[in-house]
Amino acid sequence: MTVPRPADVESAAAAIVDAFAANDADRYFAGFAPDATFVFHPEPRRLDDRAEYERLWAEWVASGWRVTSCVSSDPRVQVFDGGAVFSHTVDTSVDTADGPESYRERESIVFALDGERLVAVHEHLSPFA
């Protein structure tokens, strides 16, 4: 196995955050493995694969949701043989059918090496207390 370089983990995470901020679903979801799982505090249960999250995203967009800003801060990278954990604070603003909303949350993204590429296999979002 191989331990990824922290700079590569930061780059992979930045690509996901940048795509999310740009409302670029294709680019955003390309950063996740098909069998990635997702735990989001506002959702009643875990999403068990990328396709399930893509359907939820499409529902959000159809309801008038879109990201207006997403800023990452306080990053931390922990590498291990075959992957890494990226954690950070994320400040997100969105427009919804009910008006603008903003959130400060903590997020962890678990990456695995897929050949030379880092791919996200799990994302966990929790409220910033």
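Note that the coordinates shown come from a computational prediction; the quantities given were computed from them, not determined experimentally.

Trainee: Where do I start with the packing of aromatic side chains in this structure?
Mentor: How two aromatic rings sit relative to each other is set out by the distance from centre to centre and by the angle between their planes. One pass over the full model with this rule turns up 17 aromatic pairs. Taking 4.9 Å as the distance between ring centres and 80° as the angle between the ring planes, the aromatic pair formed by phenylalanine 29 and tyrosine 53 counts as edge-to-face. Linking phenylalanine 29 in helix H2 (residues 25–30) with tyrosine 53 in helix H3 (residues 50–62), this pair joins segments that are 24 residues apart in sequence. Three or more aromatic residues link up through ring pairs in this structure, and these residues are Phe20, Tyr28, Phe29, Phe32, Phe38, Phe40, Tyr53, Trp57, Trp60 and Trp65. The residue whose ring lies beneath arginine 104 is phenylalanine 128, and the NZ or CZ to ring-centre distance is 5.3 Å.

Trainee: Please explain the side chain of glutamate 123 as it appears in this structure.
Mentor: Inspection of the secondary structure puts glutamate 123 in strand S5 (residues 117–127). Despite its burial, glutamate 123 pairs with no opposite charge, the nearest such side chain being arginine 50 at 11 Å. A distance of 3.3 Å separates a polar atom in the side chain of glutamate 123 from a polar atom in the side chain of tyrosine 28. In this view, glutamate 123 contacts Tyr28, Phe32, Thr37, Phe38, Val39, Phe40, Tyr53, Glu107, Ser108 and Ile109; residues no more than four positions away in its chain are not counted.

Quick notes on the rules
Throughout this document, residue positions are counted from 1 along each chain, in the order its sequence is written. Where totals are concerned, whole chains, interfaces and linings use all residues; where local detail is concerned, this predicted model gives features only for residues with pLDDT of at least 70, and gives and counts side-chain atom pairs only at 80 or more. Excluding hydrogens and water, the side-chain figures rest on all heavy atoms present in the structure. Centre distance within 6.5 Å is the pairing criterion for rings of Phe, Tyr and Trp, where only the six-membered ring of Trp is used; planes under 30 degrees apart are then read as stacked, over 60 as edge-to-face, and the remainder as tilted. A run of DSSP states H or I qualifies as a helix once it reaches four residues; a run of E qualifies as a strand once it reaches two. Both are numbered from the N-terminal end. Cation placement over rings: the criterion is NZ of Lys or CZ of Arg within 6 Å of the ring centroid and within 35° of the ring normal. Under the scheme applied here, a residue whose accessible area is under 20% of the maximum for its type counts as buried, over 50% as exposed, and between as partly exposed, the area being computed with a 1.4 Å probe on protein chains only. In this tally, Asp and Glu contribute negative charge and Lys and Arg positive charge; neither His nor the terminal groups of the chain are included. Criterion for a salt bridge: a side-chain nitrogen of Lys or Arg within 4 Å of a carboxyl oxygen of Asp or Glu. As used in this structure description, the phrase polar contact means that two N or O atoms lie within 3.5 Å; if the pair is within protein, one of them must be able to donate a hydrogen and the other to accept it, and residues adjacent in sequence are counted only when both atoms belong to side chains. Whether two residues are in contact is decided by their heavy atoms: any pair within 4.5 Å suffices.

The quantities given are spatial measurements derived from coordinates; they are silent on function.
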